[in-house]
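# Inside the fold
Chain by chain, the residues:
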Amino acid sequence: MNSSKPELLAPAGDFDKLIAAEAFGADAVYAGGPMFGLRAASRNFTEDELARACEYVHSRGKKLYLTLNATPRNGDIGEMERFISFAGQAGVDAFIIADIGVMRLAQKYAPHTAIHMSTQTGIVNYETAAALADMGAKRLVLARELSIDEIAQINDKLPPETETEVFVHGSMCVSYSGRCLLSNYMASRDSNRGECAQPCRWKYALVEEKRPGEYYPVYEDGGTYIFNSKDLCLIEHLDRLAEAGVSSFKIEGRVKTPFYVATVTGAYRRAIDDMAAGNPFDRALLEEVCKVSHRRYCTGFLFGDGGDGQEYSDSAYIRDYEISAEVYGSGDGCLTCRVKNPFAKGDKLELLSPEGVFALTIGEILTDDGRTEEKANRPEQTVRVPFGREVTAPAYLRRERPRRQGGTGE
């Protein structure tokens, strides 16, 4: 149950994303190791990196939760026993688990590490929640299909020491609590072992039984996206979730970029702090989370049946902003940047930093050898840009992308 300011839990698909999440205000991160997580597309952490990541977050007073939410087969058990023992000794603060057999292994081979039951478990009622708590789960990551009233009912029935966690932002799976076999059938890639090919977002057409090979296109601006979910965004409703007893607000995105992690984490950090201080919601924070690549936002099932959660027009992402440079140093009146997309003298950019968002007009572009250039247009080029204050790295220079005439900026 939630008795204080809810935790902000951010994704860490690799060390760069972990650093961004911590710098921009996450209280904890969740990460995958080299095996048994559900994000095989993410670079994830080697065992050595996982140990270093635990040291890094603990030195800053933060926590790291390890995803062990893949569904193992018989042949995986021996290696899982070894890996659980290693991860417990490395200092991970909790395992995120979907399978009760894995839960038992964790209790045996890492008895001092907390257990968080994954959203993959499909927790949608208080009896299941209570049973898992009785079995030793410290936290329950509730299914995305729940309404705010159902979340509150579950928390009312749980013992005070049992926490709940809810996804508040990011991509949503079309399948119930993320459990799906469509990828297995169509691409021979097991979605429940981290290899989903996302066939739910492919284009489809109709074919009549007696007319094989004759495909009837169903036009929705170029294709049929009958399973194509919008992205979740609950930044305006964190107060309702806190009142319902939620202990942790979780951001999806281990395969997203460090820039994405920094932007979204920073916005939710400010929203949580404003909520705790009794301040009204700042609409600028909604604008902020729209500055990353995303599908159109919705509130999922929080206030009803999720009827507005599907996107039927196309499967494209909205990308109204782009990163111009990554800032990895600050001092002597300049930002030291690594160029990602071209910018030039006179351009009006925004600086996204842990200290806040600042407007910045490019005055000079200085190279490593002291020369002044009109443009920075070589990817990964290092340049220095004058700025009147020091900021904490990592930080990012971004700009609004030019819109095509008559277009939407997508």
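Here the structure is shown first, and the text comes after it.
Predicted model only: the values in this text are computed from it and were never measured.

## Thoughts on the pairing of strand β14 (residues 334-339)
Taking burial as the measure, the six residues of β14 include five buried ones, the bulk of the element. Of the pairings in the sheet, the one linking strand β13 (residues 321-331) to β14 comprises six bridges and is antiparallel in character. Its bridge partner lying in β14, Glu 326 is registered against Arg 338. Connecting the antiparallel pair β13 and β14 is a turn made up of two residues, with Asp 332 showing a positive phi of about 55 degrees. Note: β14 against strand β21 (residues 382-386), five bridges, orientation antiparallel. In the strand pairing of β21, Leu 335 is matched with Val 385.

## Points about the environment of Glu 390
In this structure, Glu 390 sits in the loop between β21 and β22 (395-400). Overall, the relative accessible area of 56% leaves Glu 390 in the exposed class. Aside from chain neighbours lying at most four places away, what touches Glu 390 is Ser 330, Gly 331 and Asp 332.

## With respect to helix α5 (residues 126-134)
Along α5, the residues that are buried comprise Ala 129, Leu 132 and Ala 133. Buried residues in α5, looked at end-on, bunch into an arc of 105 degrees, giving them a common side. Opposite its buried face, α5 presents the exposed residues Glu 127 and Asp 134, each directed more than 90 degrees away. Turning to α5, the residues buried within the fold contact α4 (100-109), β5 (114-117), β6 (139-141) and α6 (148-157). By the N-cap criterion, in which a side-chain oxygen at the helix start approaches the backbone nitrogen of a residue two or three places on, α5 is capped by Asn 125, the distance to Glu 127 being 3.0 Å. In the stretch just after α5, Gly 136 is the one whose phi turns positive, near 120 degrees.

## With respect to the sheet that holds strand β16 (residues 348-353)
Reading across from one edge, β17-β16-β22-β13-β14-β21-β18-β19 is the order of the eight strands in this open sheet, with antiparallel pairing throughout. Of all the strands in the sheet, just β17 (356-361) and β19 (372-373) have a single pairing partner and so form its edges. Pairing analysis gives six bridges linking β16 to β17, with the strands arranged antiparallel. Residue pairing in the sheet places Glu 350 in a bridge with Ala 359 of β17. Of the strands in this sheet, β13, β16, β17 and β22 touch helix α9 (residues 258-277), which is tilted by about 95 degrees from β22.

Parameters at a glance
Residues numbered from 1 in each chain as written. Predicted model: local features only at pLDDT ≥ 70, side-chain atom pairs only at ≥ 80, totals over all residues. Heavy atoms only, no water. Buried < 20%, exposed > 50% of the residue type's maximum accessible area, 1.4 Å probe, protein only. Helix = DSSP H or I, 4+ residues; strand = E, 2+ residues; numbered from the N terminus. Pairing = 2+ DSSP bridges. Contact = heavy atoms within 4.5 Å. Arc of directions from axis to C-beta. Polar contact = N/O pair within 3.5 Å; in protein donor to acceptor, adjacent residues only side chain to side chain. Axes fitted to C-alpha atoms, helices over the stretch in contact; angles between N-to-C directions.

Honestly, it's all geometry; don't read function into it.
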